[in-house]
Amino acid sequence: MNLGRIALTFAIGVSGVIVFRAAGLPLPFLLGPMLACLVAALAGLKLSSWAPLTNAMRTILGVAVGASFTPAVIVQMGDMLVSLALVPLFLLVCGVLGYPFLRRVAGFDAPTAFYSAMPGGLQDMLLFGEEAGGDPRAMSLLHATRVLLIVTILPLILWLAWDIDLTLPPGAPASSLPWPEMAIMVVSGIAGWQVASRIGMFGASILGPLILTAALALTGVIEHRPPAEAIMAAQFFIGLAVGVKYTGITLTEVRRILGAGLGHAAILGAVAFVFAEAALIMGLAPPLDAILAFAPGGQAEMAVLAIVAGADVAYVILHHVLRIVIVIVGAPLIFRFLR
């Protein structure tokens, strides 16, 4: 752990928040640090984040999403089945279009192209891809570019085209929430994370707290989401983590990997738009929920967007959890079959 680099990264992230807030831009606590760290990394600065702190902040999002699973949401889950059934088809189309682009157009080797084309969890795709002989650096940058572009462009669309205010606090302030309930949220976040980690659950820092908090919300123990200050802190450190991935990037990597990542993100974005439009036409979800449910960004980043934009958080996150489960289970099997 390099404290000097972490302090520098934190300072750059704070400057990004200040610039975004001064300019009135959307999601200042997420996009501000993310883009500020990206610019700093491209300028050659050595940045670093502290993984335990980033994971701890992700637990806040898990608690926030879990608190959205009220009894009324559970009753409505049957109506989501048709929409959820679109997710495997969505992933199939993403793979059929994304893999040939990264393999034949961008020129990456087969393992790198395949596992970079799968819009699943970054760590899992890197693990599978490296075991298959892929380039971990290229895969990391391609996935980071996908997430960065989706998370940057989508809020701008929501802000400019739909006039959704993404600068408002993402919830009630801590001073307005009962402290015993906030204490329970802290315990459920930490306990859910640790238990999920012990049993090897993917996305443990989010899904563990999500499952435990959902159980507490369904039984009436928790009636609120975490305070706005906690959710903004989570946004900040998640934004830092995305931007930091570009530390040490070379000009060759910028030309090849970022260019390929831009093309791949455009393909996935177009596929997501088609499926969101299908869900809308079929009456499965309103426009905001549909586009956030099929947007191929990171699970944490999509949770932030759903909370801040006022979408149906449970609907959006269920689609992303299913997407990641299918990719993690299916990608290695499909790759072995293709080989």
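Further up the page is the structure itself.
These remarks concern the structure in this document. Bear in mind the structure is a predicted one, so any value in this text is a computation, not a measurement.

**Considerations on the overall build of the protein**
- When you go through the protein residue by residue, the secondary structure sums to 15 helices and zero strands.
- The globule rule puts the C-alpha radius of gyration for 339 residues at 20 Å, and the 19 Å found for the protein is close to it.
- Summarising its shape, the C-alpha atoms of the protein cover approximately 55 × 50 × 45 Å along the three principal directions.
- In the protein, which comprises 339 residues, the proportion classed as buried is 55%.
- Within the protein, residue pairs in contact and separated by at least 24 positions form 77% of the contacts whose partners lie at least 6 positions apart.
- For the protein, the exposed area adds up to about 14400 Å²; of that, 70% sits on carbon and sulfur atoms.

**Focus on the packing of aromatic side chains**
- Taken as a whole, this structure holds eleven aromatic pairs when the rule is applied.
- When the centroid spacing of 5.1 Å and the interplanar angle of 45 degrees are considered together, the rings of Phe-114 and Phe-335 count as tilted. Of this pair, Phe-114 sits in helix α6 (residues 110–117) while Phe-335 sits in helix α15 (residues 313–338); the two residues are 221 residues apart in sequence, bridging distant segments of the chain.
- With a relative accessible area of 6%, Phe-335 lands in the buried category.
- One aromatic cluster in this structure is built from Tyr-99, Phe-114, Tyr-115, Phe-128 and Phe-335.
- Taking NZ or CZ as reference, Arg-256 lies 4.1 Å from the ring centre of Phe-108, over its face.

**With respect to the nonpolar core**
- Within the largest apolar cluster, 113 residues are counted, with the highest numbers of intra-cluster contacts made by Leu-102, Phe-108, Tyr-115, Tyr-246, Leu-292 and Phe-294.
- Of all the elements, helix α8 (residues 136–160) adds the most residues to this core, at twelve residues.
- Non-local contacts of Leu-102, meaning those with residues more than four positions away in its chain, are made with Gly-107, Phe-108, Ala-113, Ser-116, Ala-117, Leu-142, Ala-260 and His-264.
- Within the second largest apolar cluster, five residues are counted, among which are Val-63, Met-185, Leu-216 and Ile-222.

**Things to note about helix α9 (residues 179–198)**
- Between the first and last C-alpha of α9 there are 29 Å, a value that for 20 residues agrees with the 28 Å anticipated at 1.5 Å per step.
- Buried within α9 are the following residues: Glu-181, Met-182, Met-185, Ser-188, Gly-189, Gly-192, Trp-193 and Ala-196. Buried residues of α9 fall within an arc of 120 degrees about the axis and therefore sit on the same side. Among the exposed residues of α9, those oriented more than 90 degrees off its buried face are Trp-179, Val-187, Val-195 and Arg-198.
- Against α3 (51–66) and α10 (204–218) lie the buried residues of α9.
- Gly-200 sits one or two residues past α9 and shows a positive phi near 80 degrees.

**So, the side chain of Ser-83**
- Its location among the elements puts Ser-83 in helix α5 (residues 81–105).
- Residue contacts for Ser-83: discarding those within four places in its chain leaves Leu-284, Phe-294, Tyr-315 and His-319.

**Describing α6**
- Burial analysis of α6 places eight of its eight residues in the buried class, the great majority of the element.
- For α6, the secondary structure elements touched by its buried residues are α5, α7 (122–131), α8, α12 (251–281) and α15.

**As for the environment of Leu-53**
- By the element assignment, Leu-53 lies in helix α3.
- In the structure, Leu-53 is positioned 185 residues away from Ile-238 in sequence and 9.8 Å away in space, judged by C-alpha atoms.

**Describing the environment of Leu-338**
- Tracing the sequence through the fold places Leu-338 in helix α15.
- In this structure Leu-338 comes out as exposed when scored by relative accessible area, which is 57%.
- A sequence separation of 142 residues divides Leu-338 from Ala-196, and the C-alpha atoms of the two residues are 32 Å apart.

Cut-offs used in this document
Residues numbered from 1 in each chain as written. Predicted model: local features only at pLDDT ≥ 70, side-chain atom pairs only at ≥ 80, totals over all residues. Heavy atoms only, no water. Helix = DSSP H or I, 4+ residues; strand = E, 2+ residues; numbered from the N terminus. Rg over C-alpha atoms; globule rule 2.2 N^0.38 Å. Buried < 20%, exposed > 50% of the residue type's maximum accessible area, 1.4 Å probe, protein only. Contact = heavy atoms within 4.5 Å. Areas by Shrake-Rupley, 256 points an atom, 1.4 Å probe, with all protein chains shown as cover. Phe/Tyr/Trp six-rings, centres within 6.5 Å; stacked < 30°, edge-to-face > 60°. Lys NZ or Arg CZ within 6 Å of the ring centre and 35° of its normal. Core = buried A, V, L, I, M, F, W, Y, C linked by side-chain atoms within 4.5 Å. Expected span 1.5 Å × (residues − 1). Arc of directions from axis to C-beta.

Without other data, these values stay purely geometric and don't point to any function.
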